[in-house]
Amino acid sequence: MMTPMRYVLLVLGLIISIHYILSLTHEEYGKATSISNLAGQWTGPKSNPPYKTPVPEEYYKPDEHIYQPDRKANATFVMLVRNSDLPGIMSSMKQVEDRFNRKFQYPYVFLNDEAFTQNFKDNIQALTTAQVEFGIIPSDHWHQPSSIDEERASKSREDMVRNNVIYGGSVPYRNMCRFNSGFFYRHELVQKYRYYWRVEPDVSFFCDVDYDPFLVMQDQNKVYGFTISLYEYQATIETLWGHVKSFINANPDLVSPENAMEFLSDDGGESYNLCHFWSNFEIGDLDFWRGEAYSKFFDYLDEQGGFYYERWGDAPVHSIGAALFAKKDQIHFFNDIGYRHNPYQHCPQGGLHQKGRCWCDPTHNFDYEWYSCLNKYDKMFS
Ligand SMILES: Nc1nc2c(ncn2[C@@H]2O[C@H](COP(=O)(O)OP(=O)(O)O)[C@@H](O)[C@H]2O)c(=O)[nH]1
Ligand SMILES: *[C@@H]1O[C@H](CO)[C@@H](O)[C@H](O)[C@H]1NC(C)=O
Ligand SMILES: [Mg+2]
């Protein structure tokens, strides 16, 4: 029980201590920020504060571990981004530089459907000593073709929005998927290269890549490299497999005899199991996409209009193309490249983790999660 007297004392005590604390902090605050106080203490040159004097050159260490490659591939990074993606792509690119390209000095090609701002270019160029080029995508490589029935396309977008299909209502996303499926490798800035490494905004590279993956592609005659594979949303590709089967039937000689159909289908090609390589990371052979088989395949799919009437992704289109027209051993799993694109990550296991000095948590690894298709890839080689 609290007597009235004790109550009064308690309240009085509280008031006094709050007042004391307030007066203290108020006084300290005043002292610390008063310009007249600070000005009195400042003795340095007013026009040149000490931090403006640079650290002398002799304190800097050269990049002595930079390896001078005696051999380089004909290769580039390709980043398709908007001006608004600047912070995310700087984050990705800084990691590419630190983990790999500081040593290997491969060039970059930045592509956009509109002009990059000077601010964008300046910030990107500051991250590397390698060559950087900025390009604009030709309008007809990006926008919905006039052959598409807009009424049918917009009705399908509305249906997808109603069914909560991710990016279901977006036309720019569809433009992006079609561009990545069939046009990026024809862009004039990309045309002069044989191999590419696709990098998206806001991804993570967990490990040092101390070897040249482009030379691995070239020397081992690989055409497509991935780090994560998974199942596609059926709702985005309802009719895709039917068209794939028609194309195969019409062009049996374009299909590779040692193809990776087992990765795509659990019933010998009758139905698509939805497995695909996640295309936000790709290291690939541009000449493979430019070749007869994939070119005809893309043109055929494009004629069907599914990039707009549905929402076909570049990931299943690339994956199906690579799996059908290449040999299965030309599709390479970059097991030692630790990589994350939300919400999944591949974290190298065991010795690879140590060898690459990876900083991801090895127990946080998508490889054999239920939604991963890596087991189907493995099965092709067992
Ligand atoms: N220039 C441009 N790039 C885009 C556009 N939409 C997407 N992208 C790029 O295409 C890639 C995939 O887009 P993102 O938003 O990451 O899709 P998600 O990874 O499927 O969620 C990224 O590199 C984006 O920066 C667009 O309208 N214009
Ligand atoms: C690089 O590859 C492209 C595509 O194959 C080719 O056109 C170009 O001539 C090559 N460049 C060099 C220097 O070999
Ligand atoms: Mg992305």
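Residues numbered from 1 in each chain as written. Chains lettered and ligands numbered in written order. Predicted model: local features only at pLDDT ≥ 70, side-chain atom pairs only at ≥ 80, totals over all residues. Heavy atoms only, no water.

Some thoughts on the pattern of salt bridges
Then comes step 1: Under the definition given, this model contains 21 salt bridges.
Then comes step 2: The salt bridge partner of Glu-133 is Lys-192, with a shortest N-O separation of 2.9 Å. On the criterion of sequence distance, the pair formed by Glu-133 in strand β3 (residues 132–136) and Lys-192 in the loop between α8 (188–191) and β4 (195–198) is long-range, its members being 59 residues apart.
Then comes step 3: Judged by its relative accessible area of 21%, Glu-133 is partly exposed.
Then comes step 4: We classify Lys-192 as partly exposed; its relative accessible area is 44%.
Then comes step 5: Asp-285 serves as the salt-bridge partner of Arg-194, at 2.9 Å between the closest nitrogen and oxygen. Here Asp-285 lies in strand β9 (residues 282–285) and Arg-194 lies in the loop between α8 and β4, a separation of 91 residues in the sequence.
Then comes step 6: Look at Arg-194 and you get partly exposed, because its relative accessible area is 30%. (Salt bridge = Lys/Arg side-chain N within 4 Å of Asp/Glu carboxyl O. Helix = DSSP H or I, 4+ residues; strand = E, 2+ residues; numbered from the N terminus. Buried < 20%, exposed > 50% of the residue type's maximum accessible area, 1.4 Å probe, protein only.)

A few points about the coordination of the magnesium ion (ligand 3)
Then comes step 1: For the magnesium ion (ligand 3), the full set of protein donor atoms is Glu-200 (OE) and His-341 (NE2), at a range of 2.0 to 2.2 Å. One end of the pair, Glu-200, is in the loop between β4 and β5 (204–205); the other, His-341, is in strand β11 (residues 339–341), and 141 residues separate them in sequence. When sorted by exposure, Glu-200 lands in the same class as His-341, which is buried. (Donors = N, O, S within 2.8 Å, 3.2 Å for Na, K, Ca; no water.)

Re the UniProt feature "active site" (unreviewed entry) in the chain
Then comes step 1: Following the UniProt record, the feature "active site" (unreviewed entry) maps to Glu-282 here.
Then comes step 2: Its location among the elements puts Glu-282 in strand β9.
Then comes step 3: Not counting the four nearest positions on each side in its chain, Glu-282 is found in contact with Tyr-196, Trp-197, Arg-198, Tyr-224, Gly-225 and His-318. (UniProt positions renumbered as here; feature names shortened; annotations may be inferred. Contact = heavy atoms within 4.5 Å.)

Let's talk about the packing of helix α7 (residues 171–182) against helix α15 (residues 314–325)
Then comes step 1: Contact geometry of α7 with α15 gives a least axis separation of 8 Å together with a crossing angle of 20°. The orientation of α7 relative to α15 falls into the category roughly parallel. You can see that α7 and α15 cross each other, and the crossing is right-handed. Where α7 approaches α15, its residues Met-176, Cys-177, Asn-180 and Ser-181 are matched on the opposing element by Asp-314, Val-317 and His-318. (Axes fitted to C-alpha atoms, helices over the stretch in contact; angles between N-to-C directions. Parallel < 35°, antiparallel > 145°, perpendicular 65-115°, else oblique. Left-handed = near helix turned anticlockwise from the far one by under 90°.)

Here we look at the pairing of β3
Each regular strand carries side chains that alternate between the two faces of the sheet.
Then comes step 1: Of the pairings in the sheet, the one linking strand β2 (residues 108–112) to β3 comprises five bridges and is parallel in character. From the neighbouring strand, Asn-112 faces β3, where its bridge partner is Ile-136.
Then comes step 2: A crossover links β2 with its parallel partner β3, the connecting element being helix α4 (residues 118–125), and its sense is right-handed. (Pairing = 2+ DSSP bridges. Right-handed = clockwise from strand over helix to strand, strands pointing away.)

Thoughts on the nonpolar core
Then comes step 1: Counting residues in each nonpolar core, the largest one holds 100 residues, and the members touching the most others are Phe-110 and Trp-197.
Then comes step 2: Not counting residues within four places of it along the chain, the set of residues in contact with Trp-197 comprises Thr-76, Phe-77, Val-78, Phe-100, Phe-205, Pro-213, Phe-214, Phe-281, Glu-282, Ile-283 and Ile-337. (Core = buried A, V, L, I, M, F, W, Y, C linked by side-chain atoms within 4.5 Å.)

Brief notes about the state of the cysteines
Then comes step 1: Here the structure, examined in full by the defined rule, presents three disulfides.
Then comes step 2: Residue pairing for Cys-207: its cysteine sulfur links by disulfide to Cys-358, the two sulfurs lying 2.1 Å apart. Because the sign of the S-S torsion sets the handedness, a value of about 110° for the bond joining Cys-207 and Cys-358 places this disulfide among the right-handed ones. Placement of the pair is Cys-207 in the loop between β5 and α9 (213–219) and Cys-358 in the loop between α16 (350–355) and α17 (374–379), with a sequence separation of 151 residues. Here Cys-207 and Cys-358 have matching classes, each one buried.
Then comes step 3: In this model, Cys-347 is linked to Cys-360 through a disulfide, with the two sulfur atoms separated by 2.1 Å. Taking the sign of the torsion about the S-S bond as the criterion, the disulfide between Cys-347 and Cys-360, at about 85°, is right-handed. Taken together, the residues span a long stretch of sequence, with Cys-347 in the loop between β12 (344–346) and α16 and Cys-360 in the loop between α16 and α17 at a distance of 13 residues.
Then comes step 4: For the chain, the bonded cysteines pair up as 1-4, 2-6, 3-5 when numbered in the order they occur along the sequence. (Disulfide = S-S within 2.5 Å.)

Quick word on the site of ligand 1
Then comes step 1: Surrounding ligand 1, one finds 14 residues, the nearest of these being Leu-80, Asp-85, Asp-113, Tyr-167 and Tyr-173.
Then comes step 2: In the environment of ligand 1, a nitrogen atom lies 2.9 Å from a nitrogen or oxygen atom belonging to the side chain of Asn-112.
Then comes step 3: One nitrogen or oxygen atom from the side chain of Glu-200 is found 3.0 Å from an oxygen atom belonging to ligand 1.
Then comes step 4: If ligand 1 stood free it would expose 560 Å²; the protein chains cover 84% of that surface.
Then comes step 5: With three residues, the single largest contributor to the shell around ligand 1 is α7.
Then comes step 6: In terms of residue class, the shell around ligand 1 is made up of eight nonpolar, two polar and four charged. (Near = heavy atom within 4 Å. Polar contact = N/O pair within 3.5 Å; in protein donor to acceptor, adjacent residues only side chain to side chain. Areas by Shrake-Rupley, 256 points an atom, 1.4 Å probe, with all protein chains shown as cover. Nonpolar A, V, L, I, M, F, W, Y, C, P; charged D, E, K, R; others polar.)

Focus on the site of ligand 2
Then comes step 1: In the neighbourhood of ligand 2, the contacting residues comprise Asn-74, Lys-192, Tyr-193, Arg-194, Asp-287 and Arg-290.
Then comes step 2: Alone, ligand 2 offers 360 Å² of accessible surface; in the complex the protein occludes 40% of this.
Then comes step 3: Split into classes, the residues belonging to the shell around ligand 2 amount to one nonpolar, one polar and four charged.

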